[in-house]
Amino acid sequence: MTIEESGFSGDIIGLSESEAASRLHAEGFNEIPDEGDKGFSRILLDVVSEPMFLLLIACGLIYFFVGDLQEAAMLFVFVLMVIAITFYQERKTRRALKALRDLSSPRALVIRDGKRRRIAGREVVRQDVLILAEGDRVPADGRVLSSINLEIDESLLTGESVPVLKVDSGRENQSGAAYDNNRSRVYSGTLVVSGQGLVEVTATGANTEIGKIGRILSTVDEEPTLLQKTIAKLVRNLAIIGSAICAVIVIVYGISRNDWIHGILAGLALAMAIIPEEFPMVLTIFLALGAWRLSRRQVLTRRIPAVEALGATTMLCVDKTGTLTTNQMSVRKIIVDDVSLELSERKPDTIPERFHEIIEYSILASKRDPHDPMDRAFLNLGRAYLKDTEHIHQDWQMVQEYPISQKMLAISHVWKSPDGDDFVIAAKGAPEAIVDLCHLNSKIQEKIVAATSGLAGEGLRVLGVARALFKKGLLPDIQHDFAFEFLGLMGLADPLRETVPAAIKECNEAGVKVAMITGDYPETARSIAKQAGLNTKEIITGEQIALIDDAELKSRLKQARVFARIMPEQKLRIVNGFKAAGEIVAMTGDGVNDAPALKAAHIGIAMGSRGTDVAREASSLVILDDDFSSIVRAIRSGRRIYDNIKKAMVYIFAIHIPIAGMSLLPVLLGLPLVLFPVHIVFLELIIDPACSIAFEGELEEKNIMARPPRSAQSPLFGRKEISIGLLQGSAVLLLMAIIHIISIYRGRVPEEARALAFTTLILANLGLILTNRSWSRSIGTTLGSTGAAHWLVIGGSLTFLSAALYIPSLREIFKFEMLHWADWLICLGAAMAGFIWFESIKRIYGRSNMSPDVHG
């Protein structure tokens, strides 16, 4: 590609791919070195500071000082296992987050081997040639080779809010003096607010100006969310309550049995049983890995809390072009002087000469190497029909661009031919804007409006095209000052994506309302909305929004699902109107002006392919393929992740009840202790993998998109979840207590009674894992989809339990006696009774009421 094809003059090839790869290997990625990644020592320090670890160390030291070296050794082995599991979980989470950071780094458009390529900003190297455009975040420091109205916001570095107009390096100002060097330099992290430019990279990574100021990317740890703070507060409160109860247990045990050492051990065991330290782990791991899974489905999560919020979405506001449609435009109708030319997919060999000029000027009003689908459609049309004529001007130079604005929805390009004396101006834009530029009389305006409505009624996007000549001299400040001549109308088709009708139907079934927002005419919007399956009874236009207050807008939003002729700035009012009506709003956008609405929405969704860096930075999610169905898949995945968090937390709550109960009851009833620290740590080694491996990867419920969105005010761990967990845990506790008490009163030794009770607890624990995998399907059904993670947890638990029962040295440490087959049957029957009732409730109440996302 030559630079002319990008709208500039001169030839440029850029680095070759091999040169870029070599430089990347030698100089490293274009990023500030990340100090946020935890090494082993940092993870070890985090583990040491956890209450569970401190309790383990305390128990091990007590056993060591009283001479019970086997028990102490076993606890210290468990300490190493806890560190290993924590290290694995931490690394898994960090890898997922690092992958997301790599994906979310700014995109960069570079020229390599003479071709334009979009790459991750971190892959930019020195001497790369960048193409910058409005809305881009500059990925590296560089010098300007060529520019057109390039203005950059450098407030990140200078604090100065006024954008800086950049000039070509080496260019002189009107007095003949060279410009300030900074005027021809761009800096990493700054924002292009208008225009375009070509830049040669001079510094990357830590060598950029922003890298010298400070390694800001090392501060990647985000502020804890409200949900995380709530869970942390819950754990802290339970720890305080547990500590008070433990102190009472130590005193009661020591006084009643005159055995303070075992009293302290009993108190520490109860403390370990009460503290549900898995809650924060579940939130961190599930949300991070959930975001990573979403990225594999073309949905990039920039803010992790958005994963949890997806399940509450009630209103989805989407753009038409490129989201509902394919964003692959083609010109289908041209109208010149009341004569209409229809173009089908089977194009004719030639078209009448009278239509050549409007095609010529539509190309001149577009980018040379267009990224915009509409500009590409004009260029393709010209290549098909004008290639053998004089109407494609590869040797013309663009002198100035008059960009589109809110006041003038048209764009004009000023060109200079090599042998011409005058400037040639080409304009395209909204028909009413082009009519305004051409100063047409009312009669002609009415005819153009009627023709425009006819094209829009066919679902076509309509643009007007005009031309002007200007004697060489000082160009006017605004495009309105040219004497334009109206050339005609162009109707472009942008087909609906095949997946959209089914996706919208799925949204309707899931209770998620969909609104389409477009800058097109109401007739065009109505046609596309009907094809998509949207409600078209009421269409609100941008003109109407400008004339009504917020209260009336809120009232009309109850029915309206199609918004036409909307300016980007009006999207913010629409979002705020839906929010005021109590909706949880997800909003899509791609332009610089979409950023306020994206930020205001509960979930901002930027488009990955055509979106600007500004839009991405304002959003919580980025749809990498710009496809509406990907958004619906994200909502489905968000509901699954939220469901699985609930299931894991109910399981954690349930299993801690029998653990805490059997640590407390023997002390109060004067019976031999059932659980010592070694038993509780053994259980923790089952619970942690069950939470972080088994539940995290659980499949979605079958009815996940056949139920309404959850209330945004509903707590993650509310009355329903507490009730289910309390019933499950209490049932297991009751059965364990019965087996233990009966065993003691029937004359069994404490070691045998303990083995019976503990085996019952392990088997019941596995039952709780299986029954909580789904709150709508039976265990028999879910076993058919049991993955390796579940079998690993089940097999590992039974293997370790058997070793503790039948290996003499371990049996002595765990204070067990061997169990016979009859004992195993008793334990299995009790364990099944502890959870099988929940299976019956699933069948009685049905899956609609038992789903974890439904609140009664």
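Look above for the structure.
## Observations regarding the sheet that holds strand E22 (residues 621-623)
Consideration 1: Reading across from one edge, E8-E22-E21-E20-E9-E17-E19-E18 is the order of the eight strands in this open sheet, with mixed pairing throughout. Looking at which strands have only one partner, the edges of the open sheet turn out to be strand E8 (299-301) and strand E18 (539-541). Neighbour-to-neighbour, the strand axes of this sheet turn through a mean angle of 20°, independent of strand direction.
Consideration 2: Note that strand E9 (residues 315-319) and strand E20 (residues 585-589) share three bridges and pair parallel. Residue pairing in the sheet places Met-315 in a bridge with Val-585 of E20.
Consideration 3: Where helix H17 (residues 522-532) meets the sheet, it contacts strand E17 (513-517), E18 and strand E19 (562-564), and its direction lies at approximately 150° from that of E19.

## A word on the pairing of strand E2 (residues 115-120)
Consideration 1: With six bridges joining them, strand E1 (residues 107-112) and E2 adopt antiparallel strand pairing. If you follow Val-110 over to E2, its bridge partner there is Arg-117.
Consideration 2: Between E1 and E2, which pair antiparallel in sequence order, lie two residues; one of them, Asp-113, sits at a positive phi of approximately 55°.

## What about the nonpolar core?
Consideration 1: Membership of the largest hydrophobic core comes to 115 residues, with the highest contact counts inside it found for Val-282, Leu-316, Ile-605, Phe-628, Ile-645 and Tyr-651.
Consideration 2: Among the elements that line this core, the one with the most residues is helix H23 (residues 628-669), at 19 residues.
Consideration 3: In terms of nonpolar packing, the next biggest core, distinct from the first, is built from 32 residues, Ile-351, Ile-363, Leu-381 and Met-398 among them.

## Regarding a nonpolar patch on the surface
Consideration 1: On the surface, Leu-825, Leu-828, Met-832 and Ile-836 cluster together into a nonpolar patch covering about 360 Å² of accessible area.
Consideration 2: As for its placement among the helices and strands, Met-832 is situated in helix H30 (residues 821-845).
Consideration 3: Residue classification places Met-832 among the partly exposed positions, given a relative accessible area of 38%.

## A few points about the environment of Ile-359
Consideration 1: The residue Ile-359 is located in helix H12 (residues 356-364) in this model.
Consideration 2: For the pair Ile-359 and Val-465, spaced 106 residues apart in the sequence, the C-alpha separation amounts to 8.8 Å.
Consideration 3: With near-sequence residues (within four places) excluded, Ile-359 lies in contact with Ile-334, Ile-351, Leu-381, Gly-382 and Leu-386.

## With respect to the packing of aromatic side chains
Consideration 1: Counted under the stated rule, the structure contains 10 aromatic pairs.
Consideration 2: Residues Phe-814 and Phe-816 carry aromatic rings whose centres are separated by 5.6 Å and whose planes lie at 25° to one another, so their mutual orientation is stacked. Just as Phe-814 is buried, Phe-816 falls in that class too.
Consideration 3: Members of the aromatic cluster, each reached through a chain of ring pairs, are Tyr-402, Phe-470, Phe-482 and Phe-484.
Consideration 4: In this structure, Arg-122 packs its charged tip against the face of Phe-29, placed 3.8 Å from the ring centre.
Consideration 5: For the cation-ring pair, Arg-565 lies above Tyr-521, with the distance from its terminal atom to the ring centre recorded as 4.0 Å.

## Here we look at the side chain of Lys-428
Consideration 1: Tracing the backbone through its elements, the reader meets Lys-428 in strand E14 (residues 422-429).
Consideration 2: Of the residues examined, Lys-428 reaches a relative accessible area of 6% and is grouped as buried.
Consideration 3: Engagement of the side chain of Lys-428 in a polar contact is seen with the side chain of Asp-375, the distance being 3.2 Å.
Consideration 4: Each residue touching Lys-428, except ones within four places of it in the same chain, is listed here: Ser-362, Ala-365, Ser-366, Met-374, Asp-375, Phe-378, Ala-410, Ile-411, Ile-434, Leu-463, Gly-464 and Val-465.

## Notes on the pattern of salt bridges
Consideration 1: Under the definition given, this model contains 28 salt bridges.
Consideration 2: Measuring nitrogen to oxygen at the nearest pair gives 3.5 Å for the salt bridge that ties Arg-112 to Glu-17. Placement of Arg-112 in strand E1 and of Glu-17 in helix H1 (residues 17-27) is noted, with a sequence separation of 95 residues between them.
Consideration 3: Residue Glu-700 pairs with Arg-636 through a salt bridge whose shortest N-O separation is 2.4 Å. On the criterion of sequence distance, the pair formed by Glu-700 in the loop between helix H24 (677-695) and helix H25 (719-745) and Arg-636 in helix H23 is long-range, its members being 64 residues apart.
Consideration 4: Owing to a relative accessible area of 27%, Glu-700 belongs among the partly exposed residues under this scheme.
Consideration 5: Exposure remark for Arg-636: the relative accessible area of 21% places this residue in the partly exposed category.
Consideration 6: Residues joined by salt bridges that share partners form a network here, namely Glu-17, Arg-112, Arg-117 and Asp-128.

## Details of H17
Consideration 1: Those residues of H17 not exposed but buried are Thr-524, Ala-525, Ser-527, Ile-528, Ala-529 and Ala-532.
Consideration 2: Residues of H17 that are buried in the fold lie against helix H11 (320-324), helix H15 (442-457), strand E15 (461-471), helix H16 (500-509), E17 and E19.
Consideration 3: Phi turns positive, to about 95°, at Gly-533, one or two residues after H17.

## Here's the deal with the sheet that holds strand E12 (residues 397-402)
Consideration 1: Here we have seven strands laid out as an open sheet, ordered E11-E10-E16-E15-E14-E13-E12, and antiparallel in their pairing. Looking at which strands have only one partner, the edges of the open sheet turn out to be strand E11 (339-342) and E12. Mean inter-strand twist for the sheet, computed between neighbouring axes without regard to direction, equals 25°.
Consideration 2: Alignment of E15 against strand E16 (residues 485-493), held across seven bridges, turns out to be antiparallel. In the sheet register, Arg-467 faces E16, and the bridge partner there is Glu-485.
Consideration 3: Helix H14 (residues 431-438) contacts strand E13 (410-416), E14, E15 and E16 of the sheet and is inclined by roughly 25° relative to E15.

Conventions we followed
- Residues numbered from 1 in each chain as written.
- Predicted model: local features only at pLDDT ≥ 70, side-chain atom pairs only at ≥ 80, totals over all residues.
- Heavy atoms only, no water.
- Pairing = 2+ DSSP bridges.
- Helix = DSSP H or I, 4+ residues; strand = E, 2+ residues; numbered from the N terminus.
- Axes fitted to C-alpha atoms, helices over the stretch in contact; angles between N-to-C directions.
- Contact = heavy atoms within 4.5 Å.
- Core = buried A, V, L, I, M, F, W, Y, C linked by side-chain atoms within 4.5 Å.
- Buried < 20%, exposed > 50% of the residue type's maximum accessible area, 1.4 Å probe, protein only.
- Patch = residues over 30% accessible without salt bridge, like charges linked within 9 Å, V, L, I, M, F, W, Y side chains within 5 Å.
- Areas by Shrake-Rupley, 256 points an atom, 1.4 Å probe, with all protein chains shown as cover.
- Salt bridge = Lys/Arg side-chain N within 4 Å of Asp/Glu carboxyl O.
- Phe/Tyr/Trp six-rings, centres within 6.5 Å; stacked < 30°, edge-to-face > 60°.
- Lys NZ or Arg CZ within 6 Å of the ring centre and 35° of its normal.
- Polar contact = N/O pair within 3.5 Å; in protein donor to acceptor, adjacent residues only side chain to side chain.

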